[in-house]
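In case you want the letters, here they are:
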Amino acid sequence: MNTNIKIPQGDEKVTIELTRKELMSLAGIRFYGNHNIEVSARKKLHDILESQESTPSQLLN
């Protein structure tokens, strides 16, 4: 299955500020006992994507 999905301004760069721990958690490192680090990082990513009006939310799931 080879389908192409077109995302308007998909190559546009965005800047987001993450702590080193948040970045590490998004890269796959697990912080056992502190799930809030990954939750915080994912929330920041979701917020920046949601703030872009031209990005349909159904493509982000």
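Treat the numbers as computed from the prediction; the structure is a model and nothing was measured.

Quick look at the overall build of the chain
So, step 1. Counting its secondary structure elements, the chain contains two helices and zero strands.
So, step 2. Relative to all contacts within the chain whose residues are 6 or more apart in sequence, the contacts with residues 24 or more apart total 41%.
So, step 3. Just so you have it, the chain exposes about 5,700 Å², and 51% of that area is on carbon and sulfur atoms.

Description of the pattern of salt bridges
Working definition: two side chains of opposite charge can pair if their charged atoms are close together.
So, step 1. Counted by the stated rule, this structure contains four salt bridges.
So, step 2. Each member of the salt-bridge network shares a partner with another, and the members are Arg30, Glu38 and Arg42.

Quick look at helix H2 (residues 36–51)
So, step 1. A rise of 1.5 Å per residue sets the reference length of H2, with its 16 residues, at 22 Å; its end C-alpha atoms lie 22 Å apart and thus fit the reference within 8%.
So, step 2. Among the residues making up H2, those that are buried are Ile37, Glu38 and Ala41. The arc that holds every buried residue of H2, seen down its axis, measures 100 degrees, which confines them to one face. Turned more than 90 degrees away from the buried face of H2, the exposed residues are Asn36, Lys43 and Glu50.

Some points on the environment of Ala41
So, step 1. Note on placement: Ala41 falls in helix H2.
So, step 2. Distance in space between the C-alpha atoms of Ala41 and Ile16 is 9.8 Å, their sequence separation being 25 residues.
So, step 3. Setting aside its immediate chain neighbours within four residues, Ala41 contacts Leu18, Glu22, Ser25 and Leu26.

Here we look at the side chain of Glu22
So, step 1. Position of Glu22 among the secondary structure elements: in helix H1 (residues 20–26).
So, step 2. Given a relative accessible area of 5%, Glu22 falls into the buried group.
So, step 3. Polar side-chain contacts of Glu22 include one of 2.8 Å to the backbone nitrogen of Thr19.
So, step 4. Apart from residues lying up to four places away in sequence, Glu22 is in contact with Glu17, Ile37, Ser40, Ala41 and Lys44.

Cut-offs applied
Residues numbered from 1 in each chain as written. Predicted model: local features only at pLDDT ≥ 70, side-chain atom pairs only at ≥ 80, totals over all residues. Heavy atoms only, no water. Helix = DSSP H or I, 4+ residues; strand = E, 2+ residues; numbered from the N terminus. Contact = heavy atoms within 4.5 Å. Areas by Shrake-Rupley, 256 points an atom, 1.4 Å probe, with all protein chains shown as cover. Salt bridge = Lys/Arg side-chain N within 4 Å of Asp/Glu carboxyl O. Expected span 1.5 Å × (residues − 1). Buried < 20%, exposed > 50% of the residue type's maximum accessible area, 1.4 Å probe, protein only. Arc of directions from axis to C-beta. Polar contact = N/O pair within 3.5 Å; in protein donor to acceptor, adjacent residues only side chain to side chain.

Note that every value here comes from positions in space, so none of it alone points to a role or purpose.
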